[in-house]
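Take a look at the letters that make up each chain.
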Amino acid sequence: MSSTNPTRLDETVGPNESECPAAILDELTATDSEYALAWRARCRANLLAKKLDRAKPTPKPGQIIIFDEPMRFSDGSDRSRFEVVANPKGKTPLFRDPESRAICRIPAFRKRAYRIVHAAIIVRDTTNG
């Protein structure tokens, strides 16, 4: 026997999607539902992660980027340090392996933890020419 009432999907049934905007989360009333509380916590955690990703410095061509976790390449080597290279076909930068000089893409690189090392500035000694 089928029901004529549509199935209700709300935060109390533990939805899988957890990308709710902060403005909506801020408007929700208090709840005792474990599912709703867990969903709200996942949404807040996702909002924080996105905010932290946006706060990361954007690598620019010529800079050196060092990833916290090395990446394994098809030749079996692990690499974490790359030179940032301009991408002529898009906004997402390319990366050059300093050892092999090979250019590679690193999918979703902004989701990885990294730091940027600016190119070294060489000061010439003007007294010795």
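Below you will find a few notes about this structure.

This paragraph deals with the nonpolar core. Ile 65, Phe 67, Met 71, Phe 82, Val 84, Phe 95, Cys 104, Ile 106, Phe 109, Tyr 114 and Ile 116 together form the largest nonpolar core, which totals 11 residues. Those elements that provide at least two residues to this core are strand 1 (64-72), strand 2 (78-85) and strand 5 (114-117). When residues in this core are grouped by element, the largest group, three residues, is from strand 1. Residue contacts for Phe 82: discarding those within four places in its chain leaves Gln 63, Ile 64, Ile 65, Phe 67, Met 71, Phe 73, Phe 95, Arg 96, Asp 97, Pro 98, Cys 104 and Ile 106.

It is worth spelling out the environment of Pro 61 at this point. Along the chain, Pro 61 turns up in the loop between helix 2 (34-55) and strand 1. Residue Pro 61 is classed as exposed on the basis of its relative accessible area, which comes to 54%. In this structure the C-alpha to C-alpha distance between Pro 61 and Val 85, which are 24 residues apart in sequence, comes to 4.6 Å. Filtering out sequence-adjacent residues up to four positions away, Pro 61 remains in contact with Val 84, Val 85 and Ala 86.

Right, let's get into the environment of Pro 93. Mapped onto the elements of the fold, Pro 93 is located in the loop between strand 2 and strand 3 (94-96). Pro 93 sits 16 residues away from Phe 109 along the chain, and the two C-alpha atoms are 9.5 Å apart. Setting aside anything within four residues of it in sequence, one finds Pro 93 in contact with Pro 59, Val 84, Val 85, Asn 87 and Phe 109.

On to the sheet that holds strand 2, then. Taken in spatial order, the five strands line up as 4-3-2-1-5 in an open sheet, and their pairing is antiparallel. Strands at the two margins of the open sheet, each flanked by one partner only, are strand 4 (103-104) and strand 5. Pairing of strand 2 with strand 3, which is carried by three bridges, proceeds in the antiparallel orientation. From the neighbouring strand, Val 84 faces strand 3, where its bridge partner is Phe 95.

The next point concerns the pairing of strand 2. Along any regular strand, the residues point their side chains to alternate faces of the sheet. Two strands pair when backbone bridges link them, and strand 1 and strand 2 are joined in this way by five bridges, in the antiparallel orientation. Residue Met 71 lies in a different strand from strand 2, and its bridge partner there is Arg 79. The hairpin formed by strand 1 and strand 2 contains five residues between the paired strands, and Gly 76 there has a positive phi angle of roughly 90 degrees.

Taken as a whole and assessed by the stated rule, the structure comprises eight salt bridges. Linking Arg 72 and Asp 78 is a salt bridge whose minimum nitrogen-to-oxygen distance equals 2.6 Å. Here Asp 78 falls in the partly exposed class, since its relative accessible area comes to 41%. Ionic pairing is found between Glu 83 and Arg 96, a salt bridge with its closest N-O pair at 3.4 Å. With Glu 83 in strand 2 and Arg 96 in strand 3, the pair connects residues that are 13 residues apart, well separated along the chain. Three or more residues are tied together by salt bridges with common partners; here these are Arg 79, Asp 97 and Glu 99.

What counts, and at which threshold
Each chain has its residues counted from 1, running along the sequence as written. Only residues with pLDDT of 70 or above have their local features reported here, since the model is predicted, and side-chain atom pairs are shown and tallied only from 80 upward, although totals for entire chains, interfaces and linings are computed over all residues. The side-chain quantities take in all heavy atoms of the structure and omit both hydrogens and water. Take the buried Ala, Val, Leu, Ile, Met, Phe, Trp, Tyr and Cys residues and link them wherever side-chain atoms come within 4.5 Å; each set so joined is a nonpolar core. Exposure categories follow from relative accessible area, calculated using a 1.4 Å probe and restricted to protein chains: below 20% of the type maximum is buried, above 50% is exposed, and the middle band is partly exposed. The way it works is that DSSP assigns letters per residue, a run of H or I at least four long becomes a helix, a run of E at least two long becomes a strand, and they are numbered from the N terminus. Whether two residues touch is decided by their heavy atoms; if any such pair falls within 4.5 Å, the residues are in contact. If DSSP finds at least two bridges between two strands, the strands pair. A side-chain nitrogen of Lys or Arg and a carboxyl oxygen of Asp or Glu constitute a salt bridge if their distance falls within 4 Å.

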